[in-house]
Amino acid sequence: MNPKQIIGEKATGYIKNGMTVGLGSGSTACWAIKKIGQLVREGLIIKGVPTSKNTEKLALEEGIPLVNIAEVDRIDLTIDGADEFDPAKNVIKGGGGALLREKIVASLTDYYIIIADSSKSSEILGNYPVPVEVTPFAWEVSRRQLEKLGCKATIREENDKAFVTDNQNYILDCRFVRIEKPEQLAVEINRIPGVVENGLFLNMADMLITTDEKGEVLILE
Ligand code: 5RP
């Protein structure tokens, strides 16, 4: 079985009846959502909070009842993917462009599970460029400000045009290479006018489900 499927399905074992569940975005989270759909069809009662329009569509196709985030105070458990993780379970997210909704959902979550296969493991974050969601207005100014923090920032494109997020913003992918002080960097990024949110999810994950070199499931708590 594909490691993304194994860890995605493994994470659903932590869902209990009656929970409000944050539904992550991306190809790994997709496996968790499909499994949740199966569990719902078998009688599990939950309410899902999607982290992107794509996830909302998939969850509805799977028959998972959804609740509007505006009506939610707390989310019991969220399962989401990541683009890179370190041994302290700090992660970079936003490769799929859903980082803002993902971070809002994560911030409301009591127990946050990250699912990421071993290819995303790193001793120090920075192999993966940090996605930063910025307003389309004056995005070039935001890019210059971000580059002053020591990265090369590239506007994300799709079909030769700027990629537009679910929130009608742009993404700047910021290549830092080695992020020695992620907490400081996250604060400095978010201080820039025009920045909406950054893809550094620090001290948020309660559990990280990954795989080892042999493809066995590995759980970091
Ligand atoms: C989307 C994300 C995804 O969780 C992240 O990109 C991982 O995706 P995948 O599981 O497809 O590798 O943060 O914004």
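This one's a predicted model, so the numbers in the text were calculated from it and none came from an experiment.

**Q** Which parts of the structure should I look at to understand the overall build of the protein?
**A** A count of helical and extended segments in the protein gives 6 helices and 15 strands. By the compact-globule yardstick of 17 Å for 221 residues, the protein fits well, its C-alpha radius of gyration being 17 Å. With respect to the principal axes defined by its C-alpha atoms, the protein has extents near 50 × 40 × 35 Å. Residues classed as buried in the protein amount to 51% of the 221 residues present. A sequence separation of at least 24 residues applies to 74% of the contacts in the protein between residues at least 6 apart. For the protein, the exposed area adds up to about 10700 Å²; of that, 49% sits on carbon and sulfur atoms. Separation between the mean location of the 26 positive side-chain charges and that of the 33 negative ones in the protein comes to 2 Å.

**Q** How do you make sense of the pattern of salt bridges when you look at a structure like this?
**A** Should the charged atoms of two oppositely charged side chains come close, the side chains can pair. Taken as a whole, this structure holds 9 salt bridges when the rule is applied. Between Lys57 and Glu61 there is a salt bridge whose closest N-O contact spans 3.0 Å. With Lys57 and Glu61 both in helix α3 (residues 53–61) and 4 residues apart, this pair spans about one turn of that helix. Using a relative accessible area of 52% as the deciding quantity, one classes Lys57 as exposed. Residue classification places Glu61 among the exposed residues on the basis of a relative accessible area of 55%.

**Q** What is the right way to look at the sheet that holds strand β11 (residues 170–175) in this model?
**A** Read across the sheet, 4 strands follow the order β8-β11-β7-β12 without closing on themselves; strand pairing throughout is antiparallel. The two strands at the open ends of the sheet, each matched to only one other strand, are β8 (152–155) and β12 (195–198). Ignoring which end each strand starts from, the neighbouring axes of this sheet average 30° apart. Lying over the sheet, helix α6 (residues 182–190) contacts β7 (130–134) and β12, oriented at roughly 160° with respect to β12.

**Q** Mind showing me how you'd approach the pairing of strand β15 (residues 217–220) here?
**A** Each regular strand displays side chains that alternate between the two surfaces of the sheet. Judged from the 4 bridges that link them, strand β14 (residues 207–211) and β15 form a sheet pairing that is antiparallel. Each bridged residue has a counterpart across the sheet, and for Leu208 the counterpart in β15 is Leu220.

**Q** When you look at the state of the cysteines in this model, what are you seeing that I'm missing?
**A** In a disulfide, the sulfur atoms of two cysteines are covalently bonded to one another. For the coordinates displayed, the defined rule picks out 0 disulfides. Its sulfur unpaired, Cys174 is 4.0 Å from the next cysteine sulfur, which belongs to Cys151.

**Q** Would you mind going over the packing of aromatic side chains with me for this structure?
**A** The relation between two aromatic rings is expressed through the spacing of the ring centres and the mutual angle of the planes. Per the counting criterion, the structure on display carries 1 aromatic pair. Their ring planes at 70° and their centres at 6.4 Å tell us that Trp139 and Tyr170 sit as a pair that is edge-to-face. In this pair, Trp139 sits in helix α5 (residues 139–147) while Tyr170 sits in strand β11, placing the two residues 31 residues apart along the sequence. Of the two residues, Trp139 and Tyr170, neither departs from the other in class, the shared state being buried. In this structure, Arg156 packs its charged tip against the face of Phe163, placed 5.6 Å from the ring centre.

The rules behind each value
Residues numbered from 1 in each chain as written. Predicted model: local features only at pLDDT ≥ 70, side-chain atom pairs only at ≥ 80, totals over all residues. Heavy atoms only, no water. Helix = DSSP H or I, 4+ residues; strand = E, 2+ residues; numbered from the N terminus. Rg over C-alpha atoms; globule rule 2.2 N^0.38 Å. Buried < 20%, exposed > 50% of the residue type's maximum accessible area, 1.4 Å probe, protein only. Contact = heavy atoms within 4.5 Å. Areas by Shrake-Rupley, 256 points an atom, 1.4 Å probe, with all protein chains shown as cover. Lys, Arg positive; Asp, Glu negative; His and termini not counted. Charge placed at Lys NZ, Arg CZ, Asp CG, Glu CD. Salt bridge = Lys/Arg side-chain N within 4 Å of Asp/Glu carboxyl O. Pairing = 2+ DSSP bridges. Axes fitted to C-alpha atoms, helices over the stretch in contact; angles between N-to-C directions. Disulfide = S-S within 2.5 Å. Phe/Tyr/Trp six-rings, centres within 6.5 Å; stacked < 30°, edge-to-face > 60°. Lys NZ or Arg CZ within 6 Å of the ring centre and 35° of its normal.

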